[in-house]
Amino acid sequence: LRRARDFLERDVDALHAHLDGYTGALKLQIAGPWTLAATLELPSGHKVASDPGAVRDLAESLAEGLRLHVADLARRAPAARLVVQVDEPSLPAVLAGHIATPSGYGTVRTVEPEPAERVLRSVLSAAPEGGRVVHCCAADVPVGLLRTAGADAISLDASRLDVKGYDALGEAVEAGTSLWLGVLPSIDERISLDRAREPIRRLWSNLGLPATELAAAVVATPTCGLAGASPPYVRRVLGLLRDVGLWIMQVDSEGELR
């Protein structure tokens, strides 16, 4: 724990050195309570997700740690707009009862949507209002649950969207929830501006929403983190995402999706 705190302090100090006068968005990122519960083990060897009391303790501890982290960065960058991304790639598996027991011959019992939402909400409440993002790169993202848990934006992989989920996405957009669409791979591949724009163009056409609402609702992102990518590829991805953003603004001003 002391080493972890030391590493975090060094990272925040390095960030602080570059934040003087910064006024834009500053994104923090944590693993979500259900993804942690599906991964961490109790002394018995069972996953935390198998014990509702342990899940509650984990979520409360995570929320308190997040509050302290947010407060620290708010002091260091008072003019920045803090955004907290909570990564929940394992949430669909928890809801479906697909988390394996220690023997590998069984699975942890299904978690019902209501307690799953309640636990996630307890962590999101520690993030600044208006800056609460939940990322889920699974194919069956529980969009409705994330919305009711308090997410202001939902981050997902555009290449894994299913037509069956379009209604939930359309309802989310109409309710004011932003979509952070992963449109470029997280590891080195051949990419282009057209490849990045096509998933956005296809989704918006299928949702049947006005082109003038695109800029207010969609942010283009990589499909997941870029930690495994090469530096030249990272620069290429960020440059293309900037260009996609400019294209989205153009669509908004012209009112036509081209």
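Just above sits the structure.
Every value quoted in this text rests on a predicted model; they were computed, and no experiment measured them.

**Some words on the pairing of strand 2 (residues 81-87)**
Part 1 of the reasoning: Judged by how many residues are buried, strand 2 sits mostly within the fold: 6 of 7 residues are covered.
Part 2 of the reasoning: Across 7 bridges, the pairing between strand 1 (residues 25-31) and strand 2 is parallel. The residue bridging Leu-28 from the neighbouring strand is Val-84, located in strand 2.
Part 3 of the reasoning: As paired elements, strand 2 and strand 3 (residues 132-135) share 4 bridges and run parallel to each other. From the neighbouring strand, Asp-87 faces strand 3, where its bridge partner is His-135.

**As for the packing of helix 8 (residues 193-207) against helix 10 (residues 231-254)**
Part 1 of the reasoning: Relative orientation of the contacting elements helix 8 and helix 10 amounts to 45 degrees, with a least axis distance of 9 Å. One element, helix 8, and the other, helix 10, form an angle in the oblique class. Crossing of helix 8 against helix 10: the hand is right-handed. Across the interface between the two elements, Leu-193, Ala-196, Arg-197, Ile-200 and Arg-201 of helix 8 pack against Leu-240, Asp-243, Val-244, Trp-247 and Ile-248 of helix 10.
Part 2 of the reasoning: Taken together, the residues that form the contact of helix 8 with helix 10 break down as 7 nonpolar, no polar and 3 charged.

**What to know about a negative patch on the surface**
Part 1 of the reasoning: On the surface, Asp-167, Glu-171, Glu-174 and Glu-213 cluster together into a negatively charged patch.
Part 2 of the reasoning: Tracing the backbone shows Glu-171 in helix 7 (residues 166-174).

**Points about the layout of surface pockets**
In this approach, a probe sized like a water molecule rolls over the atoms, and the result shows the empty space that is left.
Part 1 of the reasoning: Here the largest pocket is characterised by a volume of approximately 790 Å³.
Part 2 of the reasoning: Around the largest pocket sit 23 residues that line it, and Leu-8, Ile-30, Gly-65, Leu-66 and His-69 are the ones nearest its centre.
Part 3 of the reasoning: Counting only elements with at least two residues in the lining of the largest pocket, the list comes to helix 1 (2-16), strand 1 and helix 3 (52-76).
Part 4 of the reasoning: The element contributing the most residues to the lining of the largest pocket is helix 3, with 9 residues.
Part 5 of the reasoning: Across the lining of the largest pocket, the residue classes break down as 14 nonpolar, 4 polar and 5 charged.

Calculation rules
Residues numbered from 1 in each chain as written. Predicted model: local features only at pLDDT ≥ 70, side-chain atom pairs only at ≥ 80, totals over all residues. Heavy atoms only, no water. Buried < 20%, exposed > 50% of the residue type's maximum accessible area, 1.4 Å probe, protein only. Helix = DSSP H or I, 4+ residues; strand = E, 2+ residues; numbered from the N terminus. Pairing = 2+ DSSP bridges. Axes fitted to C-alpha atoms, helices over the stretch in contact; angles between N-to-C directions. Parallel < 35°, antiparallel > 145°, perpendicular 65-115°, else oblique. Left-handed = near helix turned anticlockwise from the far one by under 90°. Contact = heavy atoms within 4.5 Å. Nonpolar A, V, L, I, M, F, W, Y, C, P; charged D, E, K, R; others polar. Patch = residues over 30% accessible without salt bridge, like charges linked within 9 Å, V, L, I, M, F, W, Y side chains within 5 Å. Areas by Shrake-Rupley, 256 points an atom, 1.4 Å probe, with all protein chains shown as cover. Salt bridge = Lys/Arg side-chain N within 4 Å of Asp/Glu carboxyl O. Lys, Arg positive; Asp, Glu negative; His and termini not counted. Charge placed at Lys NZ, Arg CZ, Asp CG, Glu CD. 1 Å grid on protein atoms, 1.4 Å probe; cavity = no way out; pocket = protein on both sides within 12 Å on 5 of 7 lines; lining within 4 Å. Points joined across faces, edges and corners; volume = space filled by probe spheres on them.

Nothing here speaks to function; it is all geometry.
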